[in-house]
Amino acid sequence: MLVDDSPTMLASMASVLSQAGQAVEKAASAEEALAKLKAAPPLRAMITDYHMPGMNGAALVREMRKLPAYRFLPILVLTTESEQTRRDEARAAGATGWLVKPVAPDKLMEVLRQVAPV
């Protein structure tokens, strides 16, 4: 699942993942992502933006970790933010990894394969 409030980022990331043969579910907010989880089949991984209106990416990770089905789900935070305190917040919430935008498609797929092998 991809979570980002930027339609452009959602489209470009979905394109990269789809071209790599990955099924992609998209959400434009953390709240939408949480709502979709109830109806979606189990996820293999999630990539979320950090800065979004309403609930930020770290709060989304924290909420995901409360759900038994997603306690161990690989969750990557992909954002323009590079401040260490934000990384620490995401890690403390349970994020698996952190990538800074823009990320090259091959780098994204490499990291995704490491945390959620096909």
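Preceding block: the structure.
Residues numbered from 1 in each chain as written. Predicted model: local features only at pLDDT ≥ 70, side-chain atom pairs only at ≥ 80, totals over all residues. Heavy atoms only, no water.

Enquirer: Break down the packing of helix α3 (residues 57-65) against helix α4 (residues 84-93) for me, with residues and values.
Expert: To characterise two packed helices, one gives the angle between the axes of the helices and the distance between these axes. Where α3 contacts α4, the axes come no closer than 8 Å and their chain directions differ by 10°. By the angle between their axes, α3 is roughly parallel relative to α4. Here A58, V61, R62 and R65 of α3 lie close against α4, whose contacting residues are E89, A90 and A93. Tallied by class, residues from the contact of α3 with α4 come to four nonpolar, no polar and three charged. (Axes fitted to C-alpha atoms, helices over the stretch in contact; angles between N-to-C directions. Helix = DSSP H or I, 4+ residues; strand = E, 2+ residues; numbered from the N terminus. Parallel < 35°, antiparallel > 145°, perpendicular 65-115°, else oblique. Contact = heavy atoms within 4.5 Å. Nonpolar A, V, L, I, M, F, W, Y, C, P; charged D, E, K, R; others polar.)

Enquirer: Go over helix α1 (residues 7-19) with me, naming the residues and quoting the values.
Expert: Since the α-helix packs 3.6 residues into each turn, any two residues three or four apart lie on the same face. Helix length check: α1 (13 residues) gives 18 Å between terminal C-alpha atoms against 18 Å at 1.5 Å per residue, within 8%. Three or more residues of α1 are buried, namely L10, M13, A14, V16 and L17. Along the axis of α1, the buried residues cluster in a sector spanning 160°; they form a single face. Away from the buried face of α1 by more than 90 degrees, exposed residues P7, T8 and Q19 are located. Those residues of α1 hidden inside the fold are in contact with β1 (2-3), β2 (26-27), β3 (46-48), β4 (75-79) and α5 (105-115). Looking one or two residues past α1, G21 carries a phi angle of roughly 85°, positive in sign. (Expected span 1.5 Å × (residues − 1). Buried < 20%, exposed > 50% of the residue type's maximum accessible area, 1.4 Å probe, protein only. Arc of directions from axis to C-beta.)

Enquirer: Report on the pattern of salt bridges, specifying residues and quantitative values.
Expert: What the rule picks out here adds up to five salt bridges. One salt bridge in this structure joins K36 and E32, with 3.3 Å as the shortest N-O distance. A residue pair is termed a helical-turn pair when its members lie 3 or 4 positions apart in one helix, as K36 and E32 do in helix α2 (residues 30-37) at four residues. Judged by its relative accessible area of 30%, E32 is partly exposed. Because the salt bridges share partners, they merge into one network encompassing D4, D49 and K101. (Salt bridge = Lys/Arg side-chain N within 4 Å of Asp/Glu carboxyl O.)

Enquirer: Summarise unusual backbone geometry; cite the residues concerned and give the values.
Expert: In this chain, K101 is followed by P102 through a cis amide linkage whose omega measures -10°. Structurally, P102 is set in the loop between β5 (97-100) and α5.

Enquirer: Before we move on, could you go through the packing of α1 against α5 and cite the residues and values that matter?
Expert: At a closest axis distance of 11 Å, the pairing of α1 and α5 adopts a crossing angle of 65°. Crossing handedness for the pair α1 and α5: right-handed. Judged by residue contacts, M13, V16 and L17 of α1 engage P105, L108, M109 and L112 from α5. (Left-handed = near helix turned anticlockwise from the far one by under 90°.)

Enquirer: Give me the lowdown on the nonpolar core, citing residues and values where you can.
Expert: Side chains that are nonpolar tend, in soluble globular proteins, to be buried together. Ranked by internal contacts, the top residues of the largest apolar core, which has 24 residues, are V3, M46, L60 and M64. Apart from the residues lying within four places of it in its own chain, the contact partners of M64 are L34, L37, M46, Y70, R71, L73 and I75. Core analysis: the second largest hydrophobic core is formed by 17 residues, M13, L17, L78 and V111 among them. (Core = buried A, V, L, I, M, F, W, Y, C linked by side-chain atoms within 4.5 Å.)

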